Amino acid sequence: MLEDLGYRMTPSRRLLARLLGSKAGSFSAEAISEELPTVGRATVYRTLKLLVDAGVLCKTALPDGAPRYSFDDARHHHHVICADCGKVEEFRKPVVERLLREMAKEVRGAVVGHRVELYITCAKCLSER
């Protein structure tokens, strides 16, 4: 995809792409950097940003502001994020979309986008307490 967008596929980007291809669930840029010590942190961050901009990855934030990444399935969705372990899941609820459309009618101006993120303690983290 990066090549299709006009970016060079350097050896570092190839390593990063291979690692990302093996990921399931969410991950942090820091964790990716630790798994790829031969790839510069700046390359990791820049490439993740390119993939977010291209619609390949979603970027969400934990309550403390730390970014998390996950693969985007290209359909509109929202996120449920565990505040303890950082696990990110997607959800789609028509009722949420209807509510947001109704709210947009009351806004002075044009709504150009929105983001809904619910912060929870996931079942796994609850059971470990």
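Being a predicted model, the structure only gives us computed values, none of them experimental.

With that settled, the discussion passes to the domain arrangement of the chain. By the assigned domains, the chain splits into domain 1 (2-72) and domain 2 (76-127). Between the C-alpha centres of domain 1 and domain 2 there is a distance of 23 Å. Surface buried jointly by domain 1 and domain 2 totals about 770 Å² across both partners, of which 57% is contributed by carbon and sulfur atoms. In terms of surface lost to domain 2, no three residues of domain 1 exceed Thr60, Leu62 and Pro63, which account for 45% of the buried area on that side.

Before going further, it helps to spend a moment on the environment of Pro67. As for its position among the elements, Pro67 is in strand 2 (residues 67-71). In this structure Pro67 comes out as partly exposed when scored by relative accessible area, which is 22%. Each C-alpha atom of the pair Pro67 and Glu30 lies 9.5 Å from the other, and the pair is 37 residues apart in sequence. If we skip the residues at most four places from it in the chain, Pro67 touches Ser28, Lys59, Thr60 and Ala61.

What counts as what
- Residue numbers here run from 1 along each chain, matching the order of that chain's written sequence.
- At least 70 in pLDDT is required for a residue's local features to be given in this predicted model, at least 80 for side-chain atom pairs to be given and counted, and no such filter applies to totals for whole chains, interfaces and linings, which use all residues.
- Computation of side-chain values covers all heavy atoms of the structure but excludes hydrogens and water.
- Domain boundaries shown here were taken from an automatic or database domain assignment.
- Put simply, buried area is the surface a 1.4 Å probe can reach on two separate parts but cannot reach once they are joined, added for both.
- By definition, any uninterrupted DSSP run of H or I lasting at least four residues is a helix, any uninterrupted run of E lasting at least two residues is a strand, and each is numbered from the N terminus.
- When accessible area is computed with a 1.4 Å probe and restricted to protein chains, residues below 20% of their type maximum are described as buried, those above 50% as exposed, and intermediate ones as partly exposed.
- Between two residues, a contact is recorded if the distance between any of their heavy atoms is within 4.5 Å.

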